[in-house]
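This is what each chain is made of:
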Amino acid sequence: MEFKDHVCELLNTIDVCQVFFDITVNFDLTKNYLDLIITYTTLMILLSRIEERKAIIGLYNYAHEMTHGASDREYPRLGQMIVDYENPLKKMMEEFVPHSKSLSDALISLQMVYPRRNLSADQWRNAQLLSLISAPSTMLNPAQSDTMPCEYLSLDAMEKWIIFGFILCHGVLNSDATALNLWKLALQSSSCLALFRDEVFHIHKAAEDLFVNIRGYNKRINDIRECKEAAVSHAGSMHRERRKFLRSALKELATVLSDQPGLLGPKTLIFFILRVCKLSFVFLHRHIAELIFYMEELRAHVRKYGPVMQRYYVQYLSGFDAVVLNELVQNLSVCPEDESIIMSSFVNTMTSLSVKQVEDGEVFDFRGMRLDWFRLQAYTSVSKASLGLADHRELGKMMNTIIFHTKMVDSLVEMLVETSDLSIFCFYSRAFEKMFQQCLELPSQSRYSIAFPLLCTHFMSCTHELCPEERHHIGDRSLSLCNMFLDEMAKQARNLITDICTEQCTLSDQLLPKHCAKTISQAVNKKSKKQTGKKGEPEREKPGVESMRKNRLVVTNLDKLHTALSELCFSINYVPNMVVWEHTFTPREYLTSHLEIRFTKSIVGMTMYNQATQEIAKPSELLTSVRAYMTVLQSIENYVQIDITRVFNNVLLQQTQHLDSHGEPTITSLYTNWYLETLLRQVSNGHIAYFPAMKAFVNLPTENELTFNAEEYSDISEMRALSELLGPYGMKFLSESLMWHISSQVAELKKLVVENVEVLTQMRTSFDKPDQMAALFKRLSSVDSVLKRMTIIGVILSFRSLAQEALRDVLSYHIPFLVSSIEDFKDHIPRETDMKVAMNVYELSSAAGLPCEIDPALVVALSSQKSGHCNNIHCLAKAINQIAAALFTIHKGSIEDRLKEFLALASSSLLKIGQETDKTTTRNRESVYLLLDMIVQESPFLTMDLLESCFPYVLLRNAYHAVYKQSITSSA
């Protein structure tokens, strides 16, 4: 009610004073007068749209009565107003009859402004209105106009003024042809007006309903219907053509200004074009992203080169505007003292400006000057003013231009908000999201998709200090939309990258050695002129055929993917970061995050591990695919400024652990599990044997053929590939898992030792008594179990030896100097070094894949327990040596002395076997001799001289001969 009372009082005062209104002369006064009327009208229309308004004011009055003990004194008037304004425009038409003269004068002053602004695209194009390069000779000339502030007035605001204004003072439509033409032109431009945010007003129907009950308005009703038909049939195409023109004009302007930002000074049409573009967004269309993108580019130029514009207009104000204004004031025939003082202060303020103030970073503030001019407009626009602004139009136009120039110095940000703020989309979030999805789906538009998250930075400008409670709601919406847009853009880029990686992995797979067998076979058959295969069988395409282009117009799927990716990456890389409601968003980090997640899933997926069938990809094939994937990811750095090495480090280092950061299994855990539970278990079952000469595990002929070829997973090339994939950390985890299995076997062996502890103690002291040793040996129980478990330990250690050797080869290739330093350090550690120090050196050496006298991993595994022949018997030598070294290290014994004792016992027993005649006792005697030789060769603590001192070498020579002869017989 207070607002209504103040508005009515002010309008009455204006009518009494007979204020002169002309938008081209007293711009600020006329604009604010028309804005006041439209705000008042809009408020009344919105009030009438509240369905429960009567109940709301009734509840308000009841609450007021309960709080203060009496009703609100304005309640009766408020209730009466609600009733009177059921049809607000009809009531306001009656209310504005006394104000028709002032309102119509203000509206008719738009006759030179609105038609010039409401032009078609062809008229813009023919006039070269928005082009900087159409006339190169005048490119540096300042843009001048008598109505400079009117050039960036909102077309939407002018249409509201005209349509609502002439509805309120409709009598002038019958008496003034100019007013009628303005009104009809506005009615033909569109079918609705935006009242406030997402509230709209359908102008034709509302105007027709108002005029239908007024006598003598049949012509006006016909005019409305004709304008409605024109708007329906032509307005859409007119706006479409405008948008087409604006797209090219904006692109040209942005390109020119990025190259020559100094043109921002003289060419202020940037604010005009931003204002025109803002109106275009009221009409949703598929190319909205492109327009927003170029708008944001122009806004960025203004913010970046603001000091350039300040320098230009500071010089303009002091060197030209001050001089012209001073001449105009001097030539005034009548100039009262108060007005003279104000005008002189304007001249003095502008004259005192200098470029040095800009260079020193001084903050300019011309708000006082602008307010003084606003007051002066009010003083000089009343009918009895001594200095009538209506009689001195040139002074008014010059001051309007000066005020515009001051805004170019101290209010650039406010000007950008006024001319190009698009916070309206905050209230059309569904349509906004739909346009974003359409933009991503169109390859030609995806490069402009960054415009949508950039637009979220506008949303907070639609908040108002009088309504602080909605600030958090709008802020949260801007944050959620910005986050969603950036996330979707990153997902789209990630999907394109994944598709490219899939294509590249397929191409890399074609180069694997396994695919060349058929080509070699065809070549051999062709050379021998053998006919194989069916006639007409298509010849397999060779790798690389896809790169041969007979025509540049031929576009492959990979070409399309790369094009789409480059367009989208341009958008992601457009800005390093953006601030939305005091939150900083970095688009590139979204892409980095999604690439890390997808790369992790892809690496694990490419292992093709099937738990049911225990199938898994060969390490070499996985390594090829991973390298192809990494090659594609490295190429992303050509599109986006991201650190792809960081992605590799984060992902690949996680893959060297048992679980990744999300608790999911990694390739380390998958391959460790497969080698232990599948390959080595089949070795224990007798289906696979270890061949030292081949340095690989090989399948043995059995009734049930295995589903995999062990050699293809355990030869030196595959183990090197495994080491490349798992790295030192992953190989250490594999070793620890192997040692855990060994420790479980040792635990069982300890139980067997406990069972036979008395017999073993007696044998230890009776090794030089053959008869007693034979009797004691027969008393031993579970001898076969000991042999089997020691063989299992030997197999595991043999596999670990392969893995360690492969790791050493890989590290020697990648870090040769570091590996050689570690090796040198290990080789030159003194024998008398403290065991703890020595173990640290051995642990370092083992991590680099170097063989050690004492296996530190085995020591750790066993210390936690403190409580090629087909039968793999040759693996016993490695088992005995490493188990002995680990156990005697744990129990603080002399490894060398204990192994010498073991050698004495073993040689004595074997010499006793040589004297036996029983076939069962002497079975495989020669093989056991060779096993003793292998134990000595494997041991770093025993020497051949020591062996020969207690076991004749002639027996070893005869044993080698016998075993070889037996193997020949078996093969035959």
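Remember, it's a predicted structure, so these values are computed and weren't measured experimentally.

Student: For this particular structure, what's the right way to read the overall build of the protein chain?
Tutor: Along the protein chain, the regular secondary structure elements total 43 helices and six strands. If you line up the protein chain on its principal axes, its C-alpha atoms span 145 × 85 × 60 Å. In the protein chain, buried positions account for 47% of the 972 residues. Each charge sign in the protein chain was given a centre, from 99 positive and 113 negative side chains, and these centres are 7 Å apart.

Student: It is not clear to me how the pairing of strand β6 (residues 696–699) should be interpreted in this structure. Could you clarify?
Tutor: Both faces of the sheet carry side chains from a regular strand, because those side chains alternate between them. Examined bridge by bridge, strand β5 (residues 688–691) and β6 share four bridges and lie antiparallel to one another. In the strand pairing of β6, tyrosine 690 is matched with phenylalanine 697. Between the end of β5 and the start of β6, which pair antiparallel, lie four residues, with lysine 695 showing a positive phi angle near 50°.

Student: Which parts of the structure should I look at to understand the nonpolar core?
Tutor: Nonpolar side chains in soluble globular proteins generally cluster together in the buried interior. With 215 residues, the main nonpolar core has Phe271, Leu325, Leu679 and Phe697 as its most contacted residues. A total of 14 residues in this core trace back to one element, the largest contributor, which is helix α24 (residues 469–510). Contact partners of leucine 325, with chain neighbours within four places excluded, come to Met343, Phe346, Val347, Met350, Leu395, Met399 and Ile402. By size, the runner-up hydrophobic cluster in this structure holds 65 residues, among which are Cys8, Leu34, Val172 and Ile224.

Student: Quick question: what am I supposed to make of the side chain of asparagine 756 here?
Tutor: Residue position: asparagine 756 is located in the loop between α32 (716–755) and α33 (757–765). Owing to a relative accessible area of 6%, asparagine 756 belongs among the buried residues under this scheme.

Student: I'm lost on the packing of aromatic side chains in this one. Help?
Tutor: Aromatic ring pairs: the centre-centre distance and the angle between the two ring planes describe each pair. For the structure on display, the rule yields 36 aromatic pairs. Relative to phenylalanine 570, the ring of phenylalanine 293 has its centre 6.0 Å away and its plane inclined at 55°; by these criteria the two rings are tilted. In this pair, phenylalanine 293 sits in helix α15 (residues 288–304) while phenylalanine 570 sits in helix α26 (residues 557–572), placing the two residues 277 residues apart along the sequence. Looking at phenylalanine 570, the relative accessible area reads 31%, which means it is partly exposed.

Student: Could you clarify how one ought to interpret the packing of helix α19 (residues 367–380) against helix α20 (residues 393–410) in this entry?
Tutor: Helix-helix packing: each pair is described by the crossing angle between the helix axes and the interaxial distance. One can describe the packing of α19 onto α20 by two numbers: an axis separation of 10 Å at closest approach and a directional angle of 160°. Considering their axes alone, α19 and α20 lie roughly antiparallel with respect to each other. Note that α19 runs across α20; the crossing there is left-handed. Here Arg367, Met369, Arg370 and Trp373 of α19 lie close against α20, whose contacting residues are Gly396, Met399, Asn400, Ile402, Ile403, Thr406, Lys407 and Asp410.

Student: Help me understand the packing of helix α27 (residues 587–606) against helix α28 (residues 619–635) in this model?
Tutor: One way to put it is that α27 packs onto α28 with a least axis distance of 10 Å and a crossing angle of 160°. Accordingly, the angle class assigned to the pair α27 and α28 is roughly antiparallel. Crossing of α27 against α28: the hand is right-handed. Mapping the contact onto sequence places Leu595, Arg598, Phe599, Ser602, Ile603 and Met606 in α27 and Leu622, Ser625, Val626, Tyr629, Met630 and Leu633 in α28. By residue class, the composition of the contact of α27 with α28 is nine nonpolar, two polar and one charged.

Student: I tried to follow the pairing of strand β2 (residues 199–202) on my own but got confused; where do I start?
Tutor: In this sheet, β2 lies alongside strand β1 (residues 192–196) in antiparallel orientation, the contact comprising four bridges. Its bridge partner lying in β2, alanine 194 is registered against valine 200. Connecting β1 to the next strand, β2, in antiparallel fashion are two residues, including arginine 197 with a positive phi near 55°.

Student: I'm lost on the state of the cysteines in this one. Help?
Tutor: Defined simply, a disulfide is a covalent bond joining two cysteines at their sulfur atoms. Across all of its chains, the model carries zero disulfides by this definition. Cysteine cysteine 501 remains unbridged, with the sulfur of cysteine 505 as its closest cysteine sulfur at 6.2 Å.

Student: Got a minute to help me understand helix α3 (residues 53–68) in this structure?
Tutor: Taking 1.5 Å per residue, 16 residues should reach 22 Å; α3 reaches 22 Å between its end C-alpha atoms and fits that length. Buried residues along α3 sit against α2 (27–48) and α4 (75–84). Looking one or two residues past α3, glycine 69 carries a phi angle of roughly 80°, positive in sign.

Student: Explain the pattern of salt bridges here, please?
Tutor: Where charged atoms from two side chains of opposite charge come close, those side chains can pair. Per the stated rule, a full pass over the model turns up 34 salt bridges. For the salt bridge of arginine 125 with aspartate 122, the shortest nitrogen-to-oxygen distance reads 3.0 Å. One end of the pair, arginine 125, and the other, aspartate 122, are both in helix α8 (residues 121–127), three residues apart, so they sit about a helical turn from each other. Among the charged side chains, a salt-bridge network with shared partners connects Asp5, Glu74 and Arg77.

Student: Explanation requested: the side chain of serine 190 in the structure shown.
Tutor: By secondary structure assignment, the location of serine 190 is in the loop between α11 (177–189) and β1. Residue classification places serine 190 among the buried positions, given a relative accessible area of 7%. A polar contact is formed between the side chain of serine 190 and the backbone oxygen of cysteine 192, at a distance of 3.4 Å.

Student: Can you help me understand unusual backbone geometry in this one?
Tutor: As a rule of thumb, non-glycine residues mostly have phi less than zero, and peptide bonds are mostly trans rather than cis. Positive phi outside glycine occurs at glutamate 582, with the angle close to 65°. For glutamate 582, the position within the fold is in the loop between β3 (578–580) and β4 (583–585). Accessibility expressed as a relative area gives 74% for glutamate 582, which makes it exposed. You will see that serine 782, though not glycine, has its phi angle at about 55°, which is positive. Relative to the elements of secondary structure, serine 782 occurs in the loop between α34 (770–779) and α35 (783–814). Since its relative accessible area comes to 33%, serine 782 is described here as partly exposed.

Student: How should I be thinking about the environment of tyrosine 217 in this particular structure?
Tutor: Among the structural elements, tyrosine 217 can be located in the loop between α12 (203–211) and α13 (218–259). Take tyrosine 217: its relative accessible area is 6%, and that puts it in the buried class. Separated by 44 residues in the primary sequence, tyrosine 217 and leucine 173 have C-alpha atoms spaced 10.0 Å apart. Those residues within four positions of tyrosine 217 in sequence are excluded, and the remaining contacts are His170, Gly171, Asn174 and Phe211. At 2.5 Å, the side chain of tyrosine 217 and the side chain of histidine 170 are in polar contact.

Basis of the calculations
- Residues numbered from 1 in each chain as written.
- Predicted model: local features only at pLDDT ≥ 70, side-chain atom pairs only at ≥ 80, totals over all residues.
- Heavy atoms only, no water.
- Helix = DSSP H or I, 4+ residues; strand = E, 2+ residues; numbered from the N terminus.
- Buried < 20%, exposed > 50% of the residue type's maximum accessible area, 1.4 Å probe, protein only.
- Lys, Arg positive; Asp, Glu negative; His and termini not counted.
- Charge placed at Lys NZ, Arg CZ, Asp CG, Glu CD.
- Pairing = 2+ DSSP bridges.
- Core = buried A, V, L, I, M, F, W, Y, C linked by side-chain atoms within 4.5 Å.
- Contact = heavy atoms within 4.5 Å.
- Phe/Tyr/Trp six-rings, centres within 6.5 Å; stacked < 30°, edge-to-face > 60°.
- Axes fitted to C-alpha atoms, helices over the stretch in contact; angles between N-to-C directions.
- Parallel < 35°, antiparallel > 145°, perpendicular 65-115°, else oblique.
- Left-handed = near helix turned anticlockwise from the far one by under 90°.
- Nonpolar A, V, L, I, M, F, W, Y, C, P; charged D, E, K, R; others polar.
- Disulfide = S-S within 2.5 Å.
- Expected span 1.5 Å × (residues − 1).
- Salt bridge = Lys/Arg side-chain N within 4 Å of Asp/Glu carboxyl O.
- Polar contact = N/O pair within 3.5 Å; in protein donor to acceptor, adjacent residues only side chain to side chain.

That is the geometry; function is a separate question.
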